[in-house]
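Here is what each chain is made of, one letter per residue.
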Amino acid sequence: MAIIQFSTPDLPDNDGYYHIKMAWMMRTEGLKPDFVWLPLSILSQENYYDHHFLYHVALIPFTFGDLRLGAKWAAVTFSALAFLAVWYLLDRQKVPFAWLWALGLLGISEAFIFRMSISRAQSLSLGVMALGLAWMFEGKYKHLAVLSFLYVWLYNAFPLMLAIAGLYTFAILVVEKRLEYRPLLWVGLGIAAGLVINPYFPTNLIFTYHHFLSKLQIAESIKVGNEWYPYDTGQLLDNSLPALIAFASGALAMGIAGQKMNLRTATAFFAALLFGAMLFNARRFVEYFPPFALIFAAFAWSAIPDFEEPPLDMAMRDKRTLIPVLILSIIILAGMAKTFPAVQHQLGKSKPYDLYAGASEWLLQNTNEGELIFQTDWDDFPRLFFYNTHNTYLAGLDPTYFQIYDPSLYAEWVRITRGEVEQPSSIIRSRFGARFVHTDLNHVDFIEQAEKDPNLSEVYRDDQSVLFEVIDP
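Residues numbered from 1 in each chain as written. Predicted model: local features only at pLDDT ≥ 70, side-chain atom pairs only at ≥ 80, totals over all residues. Heavy atoms only, no water.

Student: Any chance you could break down the overall build of the protein chain for me, citing the residues and the numbers?
Tutor: For the protein chain, the helix and strand inventory stands at 22 helices and five strands. The C-alpha atoms of the protein chain give a radius of gyration of 25 Å, which matches the 23 Å a tight globule of 473 residues would have. Considering only C-alpha atoms, the protein chain reaches an extent of 85 × 45 × 40 Å along its principal axes. Counting all 473 residues of the protein chain, 57% fall into the buried class. In the protein chain, once contacts between residues fewer than 6 apart in sequence are set aside, the share between residues at least 24 apart is 74%. Surface accessibility of the protein chain: about 20,000 Å² in total, with carbon and sulfur atoms responsible for 62%. Averaging the coordinates of the 34 positive side-chain charges in the protein chain and doing the same for the 45 negative ones gives two points 11 Å apart. (Helix = DSSP H or I, 4+ residues; strand = E, 2+ residues; numbered from the N terminus. Rg over C-alpha atoms; globule rule 2.2 N^0.38 Å. Buried < 20%, exposed > 50% of the residue type's maximum accessible area, 1.4 Å probe, protein only. Contact = heavy atoms within 4.5 Å. Areas by Shrake-Rupley, 256 points an atom, 1.4 Å probe, with all protein chains shown as cover. Lys, Arg positive; Asp, Glu negative; His and termini not counted. Charge placed at Lys NZ, Arg CZ, Asp CG, Glu CD.)

Written out as C-alpha cells, the structure is:
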C-alpha cells in the first residue's frame, strides 16, 4: 500500500485535507474544537457534529510534522489494518491458506485499492465489519455491542454493522432453521448506546437523520460527489472484474462441493449480494463489495476437500495440495499486476497538493478573521480549510448540508455559480454577507459575469483560481 500511495506526492482526494487538518486542530485545541467554518450549513457552530470523531482521534498521531505526509501514512496504515482484519476473520475460521486469500485483496479491484488509498474512514470501517463478522461466527455477541458503540463514534456508516448482523440472523434461519436474535440485539444496543452516550448528543441524532435522508433522496438539482452515483457496466467490468469473478467462483465452488451451504458461507454470500446491490447504486460502495466477494469465495472454496491445508511437514510430500495454492497465487499475482499500475496511474492524476495555497495565503493576509468567503464550488472547501482556517466558508464537505440549512439561498447560490445571474455582486454582498469570492478557473460562465460586474474587482489570480472583491457602490 505504501508503494501505491507514494507513487504521487499528492493526496488522492479532497476530503483527506479536511480530515488531517481537523485531527491537527483536535491535537492543538482539544478534542472538540469550535467548528465555525461552515456557518450557513447544518454543520454550523451551534449544530456541528463530528461524524468522524474516532477517525479524527486515530489520525492525531499522524499530525506531527508535514500534515500531507501524515495523511498519506495514515491511509497506508489503516488500509493495512483492514486487510489484517480480513486475514484475522479467515484465519479464525480455519480457512485454508487464509494468508494468501487476504493478500488477494491487493488484486481484487482497482477501484477498491484506490478507495483504500484515500485518507478517509472507509478502510477502518471495513476492518470493523470484518472483526464484527469474526465475532458473530464465534458467538461473541457482547463484544459486538462494544464494537458497534465504537463504530458509531468512528464513522457514520455504522448502520452497516446492523445490516451484517441482520444478514447473519437471516443466514441462521435459512441454514439452521432457528431464530437467533442475539446478534441483532447486541449490535442494536451498542449502536443505541453510541448514539446517546455521545459527545455531540443530541445534535448527532438530528444530523444523522438529515444526512441519511438526503442520501436516500438525492435530487438531480443537487450535484453531490461522484461517489454517490453508480458506475456504468463497462467501468465496473474494467475496474472490478476480479471481484466479480471471485463472486462467481464462489457460486461455482458451492456447486462443486455438492454440499449444503454452511452458515459462514451463507452469511458472506448475503453480505456480498447486499454490497453488490449498493455498488450498483453508488460507486462509493466499491470499498465493500470486492472484499466481501473475496470472503465469500474463500469460505465457499474451503468447503472442497482438495483445498484443505495440510500440516506444514506434509505439504511438500503431497504435491496435490500445491495445486490450489499455485492456482490462487497465479490469480492474485495477475490481479496485482493489473491493479498496481492502474491505481498508480489514477493517483498520478490527483490534483496538486498546493492547490489554492496561493489564494488561501492572500485571503489570510487581506481579510478579517472569521470573514465569510463566497465559493463557487462546495468541494473546494477541504483545500481552503487546510491552508486557511482564518476565514469561514459558504459550503463544504457535502452540498446537501447547505441545501438543507437554507434551500432558497442554496438555489440562489447555484444560479450565481452557473453564471445565470448578471452583476451578482449585490446579491453576494446582501444575501450572503460576503466581501470576497473564490472561484476555480473552470467556472467560466461565472467568471465572465464577474468580469462584467462593475462592483466586482479582481484582486488575485494564479493558474489555479481567481479572487474577486465586492466593491460597495
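Student: A description of the side chain of Thr400 should follow, citing residues and the corresponding values.
Tutor: The residue Thr400 is located in helix α19 (residues 399-405) in this model. A distance of 2.6 Å separates the side chain of Thr400 from the side chain of Asp398, its partner in a polar contact. (Polar contact = N/O pair within 3.5 Å; in protein donor to acceptor, adjacent residues only side chain to side chain.)

Student: Please provide a residue-by-residue account of a nonpolar patch on the surface, values included.
Tutor: Side chains of Leu81, Leu84, Trp87, Trp99 and Leu103 sit close together on the surface and give an oily, nonpolar patch of about 480 Å² of accessible area. Contributions of two or more residues to the nonpolar patch are made by α4 (67-92) and α5 (98-103). With three residues, the single largest contributor to the nonpolar patch is α4. Following the sequence through the fold, Trp99 ends up in helix α5. (Patch = residues over 30% accessible without salt bridge, like charges linked within 9 Å, V, L, I, M, F, W, Y side chains within 5 Å. Salt bridge = Lys/Arg side-chain N within 4 Å of Asp/Glu carboxyl O.)

Student: An account of the packing of aromatic side chains is requested, with residue identities and associated values reported.
Tutor: Enumeration over the complete set of coordinates arrives at 38 aromatic pairs. Measuring from centroid to centroid gives 4.8 Å for Phe6 and Trp73, while their planes differ by 45°, and the two rings are tilted. Placement of Phe6 in the loop between α1 (2-5) and α2 (15-29) and of Trp73 in helix α4 is noted, with a sequence separation of 67 residues between them. Assessed through its relative accessible area of 32%, Phe6 is described here as partly exposed. Each ring, one from Phe402 and one from Tyr410, has its centre 5.7 Å from the other, and the planes form 80°; the classification is edge-to-face. Comparing Phe402 with Tyr410 shows no difference in burial state: the two are buried. (Phe/Tyr/Trp six-rings, centres within 6.5 Å; stacked < 30°, edge-to-face > 60°.)

Student: Lay out the pairing of strand β1 (residues 372-375) with the relevant residues and their values.
Tutor: Every second residue of β1 is oriented toward a common face, with Leu372 and Phe374 on one face and Ile373 and Gln375 on the other, all of them buried. As paired strands, β1 and strand β2 (residues 392-393) are joined by two bridges and run parallel to one another. Of the residues in β2, the one forming a bridge with Ile373 is Tyr393. Crossover handedness for the path β1 to helix α18 (residues 381-387) to β2: right-handed. Direction of pairing for β1 relative to strand β3 (residues 436-440): parallel, over a ladder of three bridges. What sits directly across from Gln375, in β3, is His438. (Pairing = 2+ DSSP bridges. Right-handed = clockwise from strand over helix to strand, strands pointing away.)

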